[in-house]
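Coordinate inspection notes
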Amino acid sequence: MKETTEEEFIDIRKVLLKSVDKWYYFLIGLALCFTIAILYLKTAPKQYEVEATVLLKDQGLSDRSSGQEKFINGLDLLSGNSELADEIAILSSYAMVQRALEQLDFTVSYFQYPDTWGFLGEQMEEEIYHSKFEAILDYKEPQLIGVPIYISFPDPKHYRIQVDADEATLFDVANQQVVQPEVEAKMDETLPINQPYESPLLSFQLVLDSSYVVEEDQQFYIIVNTLQGLTKSYSGKLGITPISEESSIVQLTTKGRIPQKEKAFLNTLAEVYIQHDLNKKNELGLRAIGFIDTQLATVYDSLQSVEGNLESFRASNQIIDISTTSESLNAQLQQLEAEQAKLGVQREYYQYTSEYLRNNEDVTDVVAPSAVGINDPLLNNLLQDLSIMNQEKVEKAYSSGENNPVLRVLENKIRSTKAALIENIDNLISSNRIASQENQRRINRLEGQVNNLPQSERNLINIQRKFALNSNIYNYLLEKRAEAGIALASNLPNKSMVDTPRLIGSTATEPNKSLVFFLAFLAGIVLPLGLVTAQHLLNTKVNDSADLNITPTIPVIGSIPRAARGQKLPVLAPSSPVAEAFRFLRITLDRQWLRQDTQPIVIGVTSAQAGDGKTFCAANLAAAYARVGKKTLLIGADLRKPRLQEYFNVKDFGLAEYLGQEADFTTVLQNTDLPHLSVLSAGKATSDIALLIESDNCTKKLIQEAKAQFDVIIFDTPPIGIVADAFVLSPYMDIFIHLIRYNHTNKAQIAKLDSLFESKDMKNLVVVVNDSRRDESYGYSYDYNPDLNKN
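Residues numbered from 1 in each chain as written. Predicted model: local features only at pLDDT ≥ 70, side-chain atom pairs only at ≥ 80, totals over all residues. Heavy atoms only, no water.

1. Regarding the overall build of the protein chain
Looking only at helices and strands, the protein chain features 22 helices and 22 strands. Residues counted as buried form 48% of the 791 residues belonging to the protein chain. The long-range fraction of contacts in the protein chain, counting pairs at least 24 apart against all pairs at least 6 apart in sequence, stands at 80%. Accessible area of the protein chain: about 39900 Å², with a carbon and sulfur share of 51%. (Helix = DSSP H or I, 4+ residues; strand = E, 2+ residues; numbered from the N terminus. Buried < 20%, exposed > 50% of the residue type's maximum accessible area, 1.4 Å probe, protein only. Contact = heavy atoms within 4.5 Å. Areas by Shrake-Rupley, 256 points an atom, 1.4 Å probe, with all protein chains shown as cover.)

2. Brief notes about the environment of Lys261
Examined against the element boundaries, Lys261 turns out to sit in helix 8 (residues 259-317). A residue is classified by how much of its surface remains accessible, and Lys261, at 7% relative accessible area, is buried. For the pair Lys261 and Ile128, spaced 133 residues apart in the sequence, the C-alpha separation amounts to 9.2 Å. Other than its neighbours up to four places away in sequence, Lys261 contacts Phe106, Ser109, Glu127, Tyr129 and Tyr234.

3. Focus on the packing of aromatic side chains
This model, assessed by the stated rule, comprises 15 aromatic pairs. Aromatic side chains Tyr24 and Tyr25 sit 5.1 Å apart centroid to centroid with 85° between the ring planes, which places their arrangement in the edge-to-face category. Ring centres of Phe34 and Phe517 lie 6.0 Å apart, and the angle between their planes is 25°; on these two criteria the pair is classed as stacked. Residue Phe34 is found in helix 2 (residues 23-43), and its partner Phe517 is found in helix 13 (residues 513-538); the two are separated by 483 residues along the sequence. (Phe/Tyr/Trp six-rings, centres within 6.5 Å; stacked < 30°, edge-to-face > 60°.)

4. Observations regarding a nonpolar patch on the surface
A cluster of nonpolar side chains, namely Leu515, Phe518, Leu519, Leu522 and Val526, defines an oily patch on the protein surface of about 450 Å² accessible area. Turning to its location among the elements, Val526 is positioned in helix 13. (Patch = residues over 30% accessible without salt bridge, like charges linked within 9 Å, V, L, I, M, F, W, Y side chains within 5 Å. Salt bridge = Lys/Arg side-chain N within 4 Å of Asp/Glu carboxyl O.)

5. What to know about the sheet that holds strand 10 (residues 203-208)
Read from one edge of the open sheet, three strands run 4-10-9, paired in antiparallel fashion. Each edge of the open sheet carries a strand with a single partner, namely strand 4 (133-137) and strand 9 (197-198). Pairing geometry for strand 4 and strand 10, over five bridges, is antiparallel. When the sheet's bridge partners are listed, Ala135 is paired in strand 10 with Leu206. (Pairing = 2+ DSSP bridges.)

6. Notes on helix 4 (residues 84-91)
Of all eight residues that make up helix 4, seven are buried, and the element is covered over most of its length. Among the residues of helix 4, those classed as buried are Leu84, Asp86, Glu87, Ile88, Ala89, Ile90 and Leu91.

7. Overview of the packing of helix 2 against helix 13
In the contact formed by helix 2 and helix 13, the axes pass within 8 Å of each other and the chain directions differ by 145°. Of the two elements, helix 2 crosses helix 13, and the hand of that crossing is right-handed. Here the contact of helix 2 with helix 13 is built from residues that sort into 20 nonpolar, three polar and one charged. (Axes fitted to C-alpha atoms, helices over the stretch in contact; angles between N-to-C directions. Left-handed = near helix turned anticlockwise from the far one by under 90°. Nonpolar A, V, L, I, M, F, W, Y, C, P; charged D, E, K, R; others polar.)

8. Quick notes on the pairing of strand 13 (residues 249-256)
In the sheet, strand 1 (residues 48-55) pairs with strand 13 via eight bridges, with the strands oriented antiparallel. If you follow Glu49 over to strand 13, its bridge partner there is Lys255. Bridging between strand 12 (residues 239-242) and strand 13 involves four bridges; their strand directions are antiparallel. Across the sheet, the residue bridging to Pro242 is Val250, located in strand 13. The hairpin formed by strand 12 and strand 13 contains six residues between the paired strands.

9. Comments concerning the nonpolar core
Within the largest apolar cluster, 39 residues are counted, with the highest numbers of intra-cluster contacts made by Phe582, Leu589, Ile603, Leu621, Leu634, Phe648 and Ile714. It is helix 15 (residues 614-627) that provides the largest number of residues to this core, a total of 10 residues. Ranked by size, the runner-up nonpolar core spans 38 residues in total, among them Leu633, Phe710, Ile713 and Val769. (Core = buried A, V, L, I, M, F, W, Y, C linked by side-chain atoms within 4.5 Å.)

10. A few points about the packing of helix 5 (residues 94-102) against helix 7 (residues 227-237)
Relative to each other, helix 5 and helix 7 sit at 120°, their axes nearing to 9 Å. Between helix 5 and helix 7, the angle is such that the two are oblique. The crossing of helix 5 and helix 7 is right-handed. Across the interface between the two elements, Tyr94, Val97, Gln98, Leu101 and Glu102 from helix 5 touch Leu227, Gln228, Leu230, Thr231, Lys232, Tyr234 and Ser235 from helix 7. When its residues are assigned to classes, the contact of helix 5 with helix 7 shows six nonpolar, four polar and two charged. (Parallel < 35°, antiparallel > 145°, perpendicular 65-115°, else oblique.)

11. Some thoughts on the pattern of salt bridges
Where charged atoms of side chains with opposite charge meet at close range, the side chains can pair. Enumeration over the complete set of coordinates arrives at 15 salt bridges. Here Lys568 makes a salt bridge to Glu646, at a shortest N to O gap of 3.9 Å. Of this pair, Lys568 sits in the loop between strand 15 (556-561) and helix 14 (577-593) while Glu646 sits in the loop between strand 17 (632-636) and helix 16 (655-659), placing them 78 residues apart in sequence. On the basis of relative accessible area, Lys568 is assigned to the partly exposed category, the value being 31%. Each of Glu51, Asp499 and Arg502 takes part in a single network of salt bridges with overlapping partners.

12. Some points on unusual backbone geometry
Its identity as a non-glycine residue notwithstanding, Gln176 has a phi of 55°, on the positive side. Here Gln176 lies in the loop between strand 7 (158-172) and strand 8 (177-192). Its relative accessible area of 30% is what places Gln176 among the partly exposed residues. Even without a glycine there, the phi angle at His676 is positive, about 70°. Topologically, His676 is positioned in the loop between strand 18 (670-671) and strand 19 (677-680). In this structure His676 comes out as partly exposed when scored by relative accessible area, which is 44%.

13. Overview of the confidence of the model for the protein chain
Confidence in the prediction for the protein chain averages 77 pLDDT; 75% of positions are at 70 or higher. Ignoring residues within four places in sequence, the model shows residues 1-10, a span with pLDDT below 50, making zero contacts including any to other chains. Predicted confidence is poor over residues 59-81, with pLDDT under 50, and the contacts of this stretch with residues over four places away or in other chains come to 63 contacts. (pLDDT = per-residue confidence, 0-100.)

14. So, the sheet that holds strand 21 (residues 735-741)
Taking strand neighbours across the sheet as the criterion, the eight strands line up as 15-22-21-16-20-17-19-18 in an open arrangement whose pairing is mixed. Two strands in the sheet have a free side with no partner beyond their single neighbour: strand 15 and strand 18. Contacting strand 15, strand 16 (601-607), strand 17, strand 19, strand 20 (712-716), strand 21 and strand 22 (765-772), helix 15 crosses the sheet at an angle of about 170° to strand 20.

15. Regarding the environment of Ile292
Relative to the assigned elements, Ile292 resides in helix 8. Note: C-alpha distance between Ile292 and Lys480 (188 residues apart in sequence) is 7.7 Å.

16. Things to note about helix 15
Given 3.6 residues per turn, any residue in an α-helix points the same way as the ones three and four places further on. With 14 residues, helix 15 ought to run about 20 Å at 1.5 Å a step, and its terminal C-alpha atoms sit 20 Å apart, in line with that. Across the 14 residues that make up helix 15, a large majority, 13, are buried. Once helix 15 ends, the next one or two residues include Gly629, with phi positive near 90°. (Expected span 1.5 Å × (residues − 1).)

Below is the structure:
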């Protein structure tokens, strides 16, 4: 566990060090991210937040007093005890939002953008509301929806219409139905201002405000919206939150590009909701008035007929007065028949209510019993309880599914209450029938007495009785209708708007400039850091000394810093860090790894792959030995890709010719401008030259002749990871230097060094690091220009 922690720490340190080296990544990243942030703030639609507060519950919503305490008993059956959550669900419901939008002029959205900015200007468009012109749609014709319809004014008397849409939808705005889901729309016409635009895809009249002045640098476009799309949009962004747990006041919030538009929506939504509450309360009263009006119409016709009969009888019989007995009998009959009429109205109400309850699920439209003069407490309470439970069921359905256990409990209660109510009504019908029969018996008895009167008196009494009966019933119904009308007129909604819509803050809430710039700064740091981390994780090259721990068994005896640009032999400059590094490498080889006698030494230089700098190191190491007076021979053993002629002024003639026995050792030797340093270049290789290197006689002879004349022989061999020449020459080497170049040598190649070292195939294998940073090069701080030691 501890080792893992240390490795993670080292990796983090590497990433941080690389981040410092790649400081320009962060500069570029910050500049790019802040530029994107500025462009985003310029082009992103600004969103303004508007809020309003509405009272959803008051004394009326929680009042559970009996119906007898109201102005007209029973007309308040729908006075609710709905919970606040249910009211919020109703206010935010799809139907309520749709009703509000139906009353607003949001069908056409208007946008403007600067024309001088080209494509970027279109991205900077802004929505306008109650603009200087209005597109009045022809609702009799289908319209294009959801696509921009560009409108421009080439001059004060004309307007231009442009539409370019490969796939558009043709929509019947009046009926809110899709006419054709996919149509191609291509339009470009210029018309006089007062001429409507008419086409199979679009029809409207453009109306300009008299004060509108055409701006040449402004372009406009409109979009025709559907009611369904608008409802979904506003339902999604409408927020309703109680101001506290105990309060019945809620806060309505919405966001939009135009504050005035959002204010209009919240205002209309609150008005529609409050009117919905009032309509719900008035619904029962209107139902009662309708029932009474039906009865009045019937009674009125009868009253008109009887009144005509009475006038005709008086005129034809010239009867002015009747006896006291007739008057008494007539008064008693009128009283009994008035009671019989009331019993009939009540019986008709009972039958109506019973039939209504049996055929309907709820009682939202049932007439209150008090509206027809029935003051039965049990009936009134049962109807009120049933109405309350039914209303609660409707409201619960807004905010929960059909499988809600609360709804199931309510349905069971409603069924049991309805059964009890129907049973009570049946009992009342029976009682009413008994009372009506008794009353009719008394009427029959009095009619028998009337029959004993003279014929003229008897006829007059019958006519007067019918007239009085209809007149009393008519007056009774008029009285009940007046009472219901007064109650209806005095009805007030329980809900009300507390605070009208207002803008939150003085500026747009979105986009948030502070947040955008913070995210831009964060992205400007995180993205380059992530790039550096990814480069570090994906990098398979040796980057620093820590990566050399892959081969801990092989000693690292030197580190060569980066040479100046174009400098092939920096060892000849005594003050350079590179010269000091090769001097340190030479001393290390002499004192720790090579024999201390006067015998010549043979050094091989190789690497894992091309470009690690083996030729550069071989040439400079040879020059370092020559500078201290050692007779040094540098042999270009890389016959496939010779490079020594780039470092010294020598001919391309040497080892290949010697191994091919085309020239002797003395002939192939070439002197250099540096005293004590000779070069045996690779020469011109042939197809079978690799086989000559494997010849023990030729190679052994070369080593013997070289040792006879030189103190130090250095072989520049081919890369050991590519060809096998270095293995062939290894038995003749006193030490083999393996070059590893930072940021170039693959780590996988270094891993193979362990097997080479353990197999003893290469004697005295050591590692020298090339192209190291200054902080890993013996602490020297001389200034020099960076370049790559590529050769």
